[in-house]
Amino acid sequence: MVLKPYLAKTLTQEIFNCRVDEDVTEENCFKLIKKEDIIQDLKTRAAISDFHPVKKVVLEYPGEELLVVFDAKFQYGQNFYFVASEEAKENLLKPPETAEEKEEEENREETLEVHPYKPPVHKPWVSLGSEKEIEEESVKDTVTKIKYVISQVHRKFGAPITFTDKNASHIKDSYVECTSYEDKTFSIKMLEKDVGVQMVPKVREASTQTKWTYPKNAATQYFPRQLSNEEKEESLSSEKLKEFLRSVHLRMEIALQQNEIMNAFFDDWEALAEDESNSGSKPDVYLKAYQSFTDLRYLKDRTISCVCWHPTIYGIIAVSAKEQLSFEEQVNLSDKSLMQQPVIIFLSFSDPIHPQLMLECPEDIYCFQFCPSDPNIIAGGCINGQVLILCLRIELDISVFSYSIKIRVKRCSQHPYSTEPPLVRHCAVSSIQYSHIKPVTDIHWLPDYFKRTASDFETKLGNNIIQSFCSSVLFWGIPATKLPEQPSSEKVREKEIFYTPPDVPDTSKHLDLCWKPLIKVLYTNIEQKDQKPPLSNITIYLIFLSSQDGEIVYSNWKMEIDSDSAKPKYITHTETINVLQRSPFFNDIILSIGGRNFAIWKEGVTYGPILQSSCSAGRYTTGHWSLTRPGVFFIGRDDGNIDIWDLLKKSYEPSHFQNVSKSTITFTSPWIASPKHHFLAVSDDLGVLHVLEICQKLSHPSRNEVSKNLY
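The rules behind the values
- Residues numbered from 1 in each chain as written.
- Predicted model: local features only at pLDDT ≥ 70, side-chain atom pairs only at ≥ 80, totals over all residues.
- Heavy atoms only, no water.
- Helix = DSSP H or I, 4+ residues; strand = E, 2+ residues; numbered from the N terminus.
- Buried < 20%, exposed > 50% of the residue type's maximum accessible area, 1.4 Å probe, protein only.
- Pairing = 2+ DSSP bridges.
- Core = buried A, V, L, I, M, F, W, Y, C linked by side-chain atoms within 4.5 Å.
- Contact = heavy atoms within 4.5 Å.
- Patch = residues over 30% accessible without salt bridge, like charges linked within 9 Å, V, L, I, M, F, W, Y side chains within 5 Å.
- Areas by Shrake-Rupley, 256 points an atom, 1.4 Å probe, with all protein chains shown as cover.
- Salt bridge = Lys/Arg side-chain N within 4 Å of Asp/Glu carboxyl O.
- 1 Å grid on protein atoms, 1.4 Å probe; cavity = no way out; pocket = protein on both sides within 12 Å on 5 of 7 lines; lining within 4 Å.
- Points joined across faces, edges and corners; volume = space filled by probe spheres on them.
- Nonpolar A, V, L, I, M, F, W, Y, C, P; charged D, E, K, R; others polar.
- Phe/Tyr/Trp six-rings, centres within 6.5 Å; stacked < 30°, edge-to-face > 60°.
- Arc of directions from axis to C-beta.

By the naming in an unreviewed UniProt entry, the chain goes by Dynein axonemal intermediate chain 3 and is assigned to Otus sunia.

A. Seen up close, unusual backbone geometry. For N17, which is not glycine, the phi dihedral falls at a positive 55 degrees. Positionally, N17 belongs in the loop between α1 (10-15) and β2 (30-34). Relative accessible area serves as the criterion here: at 43%, N17 is assigned to the partly exposed category. The phi torsion at F74 lies on the positive side, around 50 degrees, for a residue other than glycine.

B. Representation of the pairing of strand β34 (residues 677-684) within the structure. Counting buried positions over the eight residues of β34 gives seven, a clear majority of the element. As paired elements, strand β33 (residues 665-674) and β34 share eight bridges and run antiparallel to each other. Counterpart to W671 in the pairing with β34 is F679. Once β33 ends, the chain turns through two residues before running back antiparallel as β34. As defined by bridge partners, β34 adjoins strand β35 (residues 689-694) across five bridges and the pair is classed as antiparallel. Counterpart to A681 in the pairing with β35 is V691. Between the antiparallel neighbours β34 and β35 lie four residues, among them G687 with a positive phi of about 85 degrees.

C. Layout of the nonpolar core. Of all hydrophobic cores here, the largest spans 24 residues; its most connected members are Y6, I38, F51, F80 and F82. Of all the secondary structure elements, the ones that give two or more residues to this core are β1 (3-6), α2 (35-45), β3 (65-70) and β4 (80-83). Considering each element in turn, this core owes the most residues, five residues, to β3. Those residues in contact with F82, other than ones at most four positions away along the chain, are V2, L3, K4, Y6, V54, V57, V58, L66, L67 and V68.

D. Structural view of a nonpolar patch on the surface. On the surface, a cluster of nonpolar side chains totalling about 300 Å² of accessible area is made up of F30, L32, L92 and L93. Listing elements by their share of the nonpolar patch, those giving two or more residues are β2 and α4 (86-93). Looking at the element boundaries, L92 is found in helix α4.

E. Layout of empty space enclosed by the protein. Taken as a whole and assessed by the stated rule, the structure comprises four cavities of 30 Å³ or more. Size it by volume and the largest cavity reaches roughly 80 Å³. Surrounding the largest cavity, ten residues form its lining, Y554, Y570, K602, G604 and V605 being those nearest its centre. Tallied by class, residues from the lining of the largest cavity come to six nonpolar, two polar and two charged. In this structure, the second largest cavity occupies an estimated 60 Å³ of space. When residues in the lining of the second largest cavity are grouped by element, the largest group, three residues, is from β33. Across the lining of the second largest cavity, the residue classes break down as eight nonpolar, four polar and no charged.

F. Broad picture of the packing of aromatic side chains. Within the structure shown, the criterion is met by 19 aromatic pairs. Taken together, a centroid distance of 5.5 Å and an interplanar angle of 80 degrees make the contact between F16 and F51 edge-to-face. Pair noted here: F16 is in the loop between α1 and β2 and F51 is in the loop between α2 and α3 (55-60), with a separation of 35 residues, a long-range link. For the pair shown, F16 and F51 are each scored as buried. Summarising the aromatic geometry, the rings of W671 and F679 are spaced 6.1 Å apart at their centres and angled 25 degrees between planes, so their arrangement reads as stacked. For the pair formed by W671 and F679, the shared burial category is buried. Through successive ring pairs, a cluster of aromatic residues spans Y290, F293, W309, Y314, F349, W671 and F679.

G. Representation of α2 within the structure. Every buried residue of α2 is accounted for by K35, I38, D41, L42 and R45. Projected down its long axis, α2 carries its buried residues within an arc of 120 degrees, all on one side. Facing away from the buried surface of α2 by more than 90 degrees, the exposed residues are E36 and K43. Structurally, α2 contributes buried residues whose contacts are with α1, β2, α3 and β3. Of the residues one or two after α2, A46 is the one with positive phi, at around 55 degrees.

Below you can see the structure in the form of structure tokens.
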């Protein structure tokens, strides 16, 4: 077949300048594209290139340029097709002339006559009366002009003039406007004016800044007028005051009654807009696809276990993945060899195809978190129970259209000029003997105020304390690690890797493979001896624990002499509890997700959850609270759907659900990029990270939503 149809998407049309209705139309449908440009696109975008289905035909094409034709009527099934032979290309570009066209061309040449050029001849102008109309429409000056004489005394002629400089940066927009103003010199002075003034015997100091039209030196000094006791009694007993009170008594009484009936400061327009949004019309609730990420080497066909947004840099996401193991393989981790090198991958909005940075890990990472006080430090939990820390420094260069990353790392195994993304080795890994015996299911950085209040953790190791969770809770302390700063005079290029000089000691090297926890807390009051890995959410001394059997335990870690007191335990979920998370708005509200339902708990309520959902069609695998609305949270399911719960709308079923993937949703993480842009990162079991933009209905709270007592 000489004609090869193919589908050209919008991105491909922009790359090869063959945009529909702009570069190519139904009348002008031909476009020549160089063969080497198409081959380069196949190398760059690989399987996602639109020319990948016809790659073999493109490589075997003998010519240097391929003819691409816009098929506006989809005659061959796609919007474009290209010609696979040179002969067919020439026939389309230069079709042969018919005998009738040749004969018509010859007749046209015979009938063509050449006329010599004759310059125009000037003729005298003959008046037809139009000059009278022009004379009548013309404007004539009939008003006598006024003459002004401007003079100056003789001594001011030639006098020196002094100018001063003014910094343009001190003025907004570096623009000074010379506006017209009324000159007080020629205005009539007001000698008398009736005004009403009310003064109180209180003195306060205040200042203001006013933009004057023209500068003027002025000063004002005043003091409140105070009446003596005799003058006060005379004023209060005067008939004029009594008459005034009698005249306004009725109006004041009506005004006070109206203030009691309705709020005078109520915003009717804002309430009207909120009522319209709550009307019976279909709500505009959606999660818009914004970006998607995957990596054929490190993420494809692997389960994304954890997703974290970078706390300070826009559009940077860190992702960890693990092997897709069965339950028996997870139990016998020692018999399972790793198929690939475990890494934490840094992805960027500006380059969704190529990873920006990779952090090397000894085992698959189950969970990790950025340090709140220093985003250059990352703590992670491995699937074999070890805890590790990674130290790096990421700086952001913002250009006009793209983002680039400069990375300053402690260790790196690649050459400085390698095209591969930098591979950073971990700084320290905990001792296997003192680590967890099962996968670390959750990890938290404890805040600074926790260290100050809990005397059990007063150490000299620095400000960073990590809490990891498995069948026990371990507290880890790490020293303060600071990387050497780069001199300000040194010029660096984009994506350049800096190495630590040999004479700079590694502050975390002594912890590698000998790092021990500060405190280990065992929870032995749970009935099952073979306890599965629990998740956790913490307060100062109180802690919520959840098990793989669906149990919720409310306990504390404060050391007590009498440890026989029973701790509240609830069985609400029938399967593994995947999420146990505290509300970002209410410190005493906790969300638990597991099995086919979710529950909302409140500290101090001992009879059970305050809200429990019914069983859903699919299993709940992950979830997260909304960062901006107290009554909204997102739940991921094993069928690839995202359930959106809005408790202000409905509490018995999801207010909206949306399909994101064809596989199991493994992790969700919201992020506020700006007041108008809110994102939700959703990962699946196939190694694909989806970034969804949250609509305004789900990201902007309604009036007084935060202050309402939802729970």
